[in-house]
Amino acid sequence: MPNARQRIAFLGSLTAAILFAAWRVYERRFRERVVSHEALDDLEIARAFNRIARLPQFGLMRWFVARRAAAMVPAGHAADLGCGPGYLVVKLAQVAPGLHVTGVDLADEMLVEAERVARRSGLQDRADFKQGDVAQLPFPNGSLDLVVSTLSLHHWTDPVGVLDEIARVLRPGGSFLVADLRRDMSAPFYMLLWFATHCVVPRALRRINEPMGSRNAAFTPQEAAHLVAQSRLAGWRVTHGPLWLTIEGTRG
Ligand SMILES: C[S@@+](CC[C@H](N)C(=O)[O-])C[C@H]1O[C@@H](n2cnc3c(N)ncnc32)[C@H](O)[C@@H]1O
């Protein structure tokens, strides 16, 4: 039987080990940006992402973005850049009956899911999808009223080039709202993301270190402001909460 001193020594060591492990996880928050996969172009990954994209916390973010974007531009032609399984396209079309929304994504596998989501919601008449790279948007100059995007900015190889493209395709007075994770998210969200990546998400996502990989590739609000300042996009501001940042505004 261990005596009292041995028990105290054991509990003390265990506590120190747990605190050390927690600190190691926590201090990673401040590391440099690590770029992640550009397209999520594997069927298993697309399906796994589709499953987690249906979780209420993602739904809440889409609801927030759709409401805010629809208040900026309630009618016309909108595009969702890096639309993935198409939930924001559908949400925006639901919230703003005057909008036609086109989702653009590099990954055919995501677009298969997106077409299905739009059909199931009965909104296929006001939603369509194009395969393409957001660095070369498939729209003529000044042809769009609204550009939105969620959780895709951190994947873009040339984010300044994409912001230039947004400036090109928007009509004067058109609006944009690009929302993404912020790398310097507050500690409780960081811990939750770490837990989700290691213990909760489907195996296909864990294999590519998602969603932590997205956090590692995300920008801080200061970095995002620096990116937009280098682009041709005018009339912007960067806002942020404990988990998200947004780049939003209206083209002059
Ligand atoms: C994490 S998913 C987010 C999907 C969706 N916007 C959402 O919020 O659920 C990122 C998406 O961006 C797409 N993507 C990444 N880089 C892209 C690019 N250069 N052009 C078009 N799509 C891109 C990926 O294929 C993927 O579907």
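Another point: the overall build of the protein chain. Scanning the protein chain for helices and strands turns up 10 helices and seven strands. Referenced to the eigenvectors of the C-alpha coordinate spread, the extents of the protein chain come out at roughly 75 × 40 × 30 Å. Contacts spanning at least 24 positions in sequence make up 76% of the contacts within the protein chain whose residues lie at least 6 apart. In the structure as shown, the protein chain presents an accessible area of about 12,400 Å², 59% of it carried by carbon and sulfur atoms. Distance between charge centres in the protein chain, computed from 30 positive and 24 negative side chains, equals 10 Å.

On to the layout of surface pockets. By volume, the largest pocket amounts to about 960 Å³. F49, I52, F58, L151 and P211 are, among the 47 residues lining the largest pocket, the residues nearest its centre. Among the secondary structure elements, those contributing two or more residues to the lining of the largest pocket are α2 (43–53), α3 (56–72), α4 (87–95) and α7 (187–200). Among the elements that line the lining of the largest pocket, the one with the most residues is α7, at six residues. Taken together, the residues of the lining of the largest pocket sort by class into 30 nonpolar, 10 polar and seven charged. In this structure, the second largest pocket spans a volume of roughly 200 Å³. Forming the boundary of the second largest pocket are 13 residues, of which L60, M61, F64, W244 and T246 lie nearest the centre. Residue contributions to the lining of the second largest pocket peak at five residues, all from α3. Residues of the lining of the second largest pocket, tallied by class, amount to seven nonpolar, five polar and one charged.

Nonpolar side chains tend toward joint burial in soluble globular proteins. Within the largest apolar cluster, 50 residues are counted, with the highest numbers of intra-cluster contacts made by L92, L99, V101, F129, L146, V148 and L205. With residues up to four places along the chain from it excluded, the contact list for L205 reads I45, A48, F49, I52 and E210. Among the nonpolar cores identified, the runner-up in size contains 26 residues, and W156, V169, L233 and I247 belong to it.

The subject of this paragraph is a positive patch on the surface. On the surface, R51, R54, R119 and R120 cluster together into a positively charged patch. Inspection of the secondary structure assignment puts R51 in helix α2.

Once that is clear, we can look at the packing of α3 against α4. Interhelical geometry of α3 versus α4 gives an angle of 45° and a closest axis separation of 9 Å. Compared by their axis directions, α3 and α4 come out oblique. As α3 packs across α4, the resulting crossing turns out to be right-handed. The segment α3 lies against α4, with R62, W63, V65, A66, R67, A69 and A70 engaging Y87, L88, K91, L92 and V95. The residue inventory of the contact of α3 with α4, partitioned by class, reads nine nonpolar, no polar and three charged.

The next thing to look at is the packing of α4 against helix α5 (residues 108–121). One can describe the packing of α4 onto α5 by two numbers: an axis separation of 9 Å at closest approach and a directional angle of 30°. If you check the angle between α4 and α5, you find them roughly parallel. In the packing of α4 onto α5, the handedness of the crossing is right-handed. Residues Y87, V90 and Q94 of α4 form the contact with α5, whose own contacting residues are V117, A118 and S121. Each residue belonging to the contact of α4 with α5 can be placed in one class, and the counts come to four nonpolar, two polar and no charged.

Parameters at a glance
Residues numbered from 1 in each chain as written. Predicted model: local features only at pLDDT ≥ 70, side-chain atom pairs only at ≥ 80, totals over all residues. Heavy atoms only, no water. Helix = DSSP H or I, 4+ residues; strand = E, 2+ residues; numbered from the N terminus. Contact = heavy atoms within 4.5 Å. Areas by Shrake-Rupley, 256 points an atom, 1.4 Å probe, with all protein chains shown as cover. Lys, Arg positive; Asp, Glu negative; His and termini not counted. Charge placed at Lys NZ, Arg CZ, Asp CG, Glu CD. 1 Å grid on protein atoms, 1.4 Å probe; cavity = no way out; pocket = protein on both sides within 12 Å on 5 of 7 lines; lining within 4 Å. Points joined across faces, edges and corners; volume = space filled by probe spheres on them. Nonpolar A, V, L, I, M, F, W, Y, C, P; charged D, E, K, R; others polar. Core = buried A, V, L, I, M, F, W, Y, C linked by side-chain atoms within 4.5 Å. Buried < 20%, exposed > 50% of the residue type's maximum accessible area, 1.4 Å probe, protein only. Patch = residues over 30% accessible without salt bridge, like charges linked within 9 Å, V, L, I, M, F, W, Y side chains within 5 Å. Salt bridge = Lys/Arg side-chain N within 4 Å of Asp/Glu carboxyl O. Axes fitted to C-alpha atoms, helices over the stretch in contact; angles between N-to-C directions. Parallel < 35°, antiparallel > 145°, perpendicular 65-115°, else oblique. Left-handed = near helix turned anticlockwise from the far one by under 90°.

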